[in-house]
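Residues per chain are reported as follows:
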Amino acid sequence: LDWLTQVRVQYPLALATLWTAPSATWDQRRSVVACLEAPVVTLVRGGERAGKSRGLQHLTVAQALGGDHPAVRAWGEVNQLPVDLIPPGPGRVYAVALTSTFSLRNHRPLFDTLIGRGKHWYNRNGKGEAWLQVEVPGYDAPAEIWFKSLDQGADAFQGDSIRWAWLDEEPKGEQGRAVYGQVKARVMDQDGRLGISMVPMSGLTWVFEELVQQRRDGAVVVELDALDNPYLPAQRA
């Protein structure tokens with residue numbers, strides 16, 4: 001019990017739950033399973049408050065910590081997830097926002113709520129790129145979560161090798177397509193995955209044509225409906 005308490009304090013991910021709706025076509029838990037099982041890329045589409053970003057945020061932390069981490073194992077048990085599909089040991093992952101300002105205001109505070117002790121921030125409160133290192137028991141190397149943004153341009157994504165990337169919102173336009181291409185290359189040598197959480201508001205973009213219609217890169221498309229989210233009051237969903 002003391003060991004489990006320590007895990008929960010140091011790694012709140014162990015207590016994080018994903019919403020389920022067995023009668024719906026998709027729910028938050030199954031969207032995360034889809035990301036784990038997809039050949040390369042998963043699009044999690046839905047309206048505001050559907051929970052698309054939160055689920056992929058949980059998965060980003062889990063991918064960084066590794067599938068053998070006690071908090072990830074606990075998270076997997078609570079949510080009935082195949083966490084054996086996450087490579088063991090700490091790794092490097094991306095959390096990609098549209099802008100560094102959005103990352104500063106919305107991404108970084110949320111990751112603070114999922115990681116308790118043993119973390120070290122770099123440029124936590126500054127504009128531009130930031131990263132978070134997390135100590136992982138039994139390993140010398142830390143987990144690394146890099147906070148990047150589309151407005152950095154594709155050149156800023158060159159060179160790294162990562163196991164997972166989360167793109168929060170649609171990578172629109174030629175710049176977005178170029179960043180997507182770079183991120184896909186970054187996960188290639190680790191047989192990694194990437195997930196895109198987005199509100200489909202922009203019509204016939206390259207994302208819709210290539211990933212939704214043509215299913216390039218073996219894209220898996222998940223549609224979340226806020227009306228199925230049990231944590232939202234029905235009259236507000």
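Structure shown above.
These remarks concern the structure in this document. (Residues numbered from 1 in each chain as written. Predicted model: local features only at pLDDT ≥ 70, side-chain atom pairs only at ≥ 80, totals over all residues. Heavy atoms only, no water.)

**Observations regarding the overall build of the protein**
Rules: Every helix listed is a DSSP run of H or I at least four residues long, and every strand listed is a run of E at least two residues long, numbered separately from the N terminus. Between the two quantities, the radius of gyration covers C-alpha atoms and the globule rule is 2.2 Å times the number of residues to the power 0.38. With a 1.4 Å probe rolled over the protein chains alone, any residue whose accessible area is under 20% of its type maximum counts as buried; one over 50% counts as exposed, and the rest are partly exposed.
Of the regular secondary structure elements, the protein holds seven helices and eight strands. A compact globule built from 237 residues should have a C-alpha radius of gyration of about 18 Å, and the protein, at 17 Å, falls within 12% of that. In terms of overall dimensions, the protein has a C-alpha envelope of 55 × 45 × 30 Å along the principal axes. Taken across its 237 residues, the protein has 51% of its residues classed as buried.

**Here's the deal with the environment of Ile196**
The line we're drawing: The contact criterion used throughout is that any non-hydrogen atoms of two residues lie within 4.5 Å.
Residue placement: Ile196 occurs in strand β7 (residues 193-198). Classification of Ile196 by relative accessible area gives buried; the value is 0%. Distance in space between the C-alpha atoms of Ile196 and Val221 is 9.7 Å, their sequence separation being 25 residues. Apart from the residues lying within four places of it in its own chain, the contact partners of Ile196 are Val41, Thr42, Leu43, Val44, Leu56, Leu167, Glu169, Pro171, Tyr180 and Leu211.

**Notes on the nonpolar core**
Going by this rule: To form a nonpolar core, buried Ala, Val, Leu, Ile, Met, Phe, Trp, Tyr and Cys residues must be joined to one another through side-chain atoms within 4.5 Å.
Formed by 47 residues in total, the largest nonpolar core has its most connected members in Leu13, Leu65, Trp75 and Ile145. Per-element accounting of this core gives the leading share, six residues, to helix α3 (residues 52-65). Ignoring any residue separated from it by four or fewer positions in sequence, one finds Trp75 in contact with Leu13, Ala14, Ala16, Leu18, Val32, His58, Leu59, Ala62, Leu81 and Val83. Among the nonpolar cores identified, the runner-up in size contains 24 residues, and Ile162, Ala165, Leu167 and Met198 belong to it.

**Concerning unusual backbone geometry**
The phi angle of most residues is negative, glycine excepted, and most peptide bonds adopt the trans form. We note that Arg49 has phi near 70 degrees; this positive angle belongs to a residue other than glycine. For Arg49, the position within the fold is in the loop between β1 (41-46) and α3. Located in the positive-phi region is Arg215, a residue other than glycine, with phi close to 55 degrees. Residue placement: Arg215 occurs in the loop between α7 (206-213) and β8 (220-224).

**Considering the pattern of salt bridges**
The following threshold applies: Any Lys or Arg side-chain nitrogen found within 4 Å of a carboxyl oxygen on Asp or Glu counts as a salt bridge.
Across all of its chains, the model carries 13 salt bridges by this definition. Among the salt bridges present, the one from Asp112 reaches Arg124, with a minimum N-O distance of 3.3 Å. Taken together, the residues Asp112 in helix α5 (residues 100-114) and Arg124 in the loop between β3 (119-122) and β4 (130-134) connect sequence positions twelve residues apart. Through salt bridges with shared partners, a single network forms among Glu174, Arg177, Glu210 and Arg216.

**Description of the side chain of Gln182**
The test is simple: Nitrogen and oxygen atoms within 3.5 Å of one another constitute a polar contact, given that in protein one can donate a hydrogen and the other can accept it, and given that sequence-neighbouring residues count only through two side-chain atoms.
Relative to the helices and strands, Gln182 is located in helix α6 (residues 173-188). Polar contacts involving the side chain of Gln182 include one to the side chain of Arg186, which spans 2.5 Å. In contact with Gln182, not counting residues within four places along its chain, are Ala154, Phe157 and Gln158.

**Section: the sheet that holds strand β6 (residues 164-168)**
In plain terms, the rule: Two strands are said to pair when DSSP picks up at least two bridges between them. Note on definitions: angles span 0 to 180 degrees between N-to-C directions of axes, and those axes are lines fitted to C-alpha atoms, for helices only across the stretch in contact.
An order of β3-β4-β5-β2-β6-β7-β1-β8 is seen for the eight strands of this open sheet, with the pairing classed as mixed. On the outer flanks of this sheet lie β3 and β8, each paired with one strand and no other. Strand after strand, the sheet turns through a mean of 15 degrees between neighbouring axes, direction not considered. Against the sheet, α6 touches β1, β2 (92-97), β6 and β7, its axis set at about 145 degrees to β7. Against the sheet, α7 touches β1, β7 and β8, its axis set at about 120 degrees to β1.

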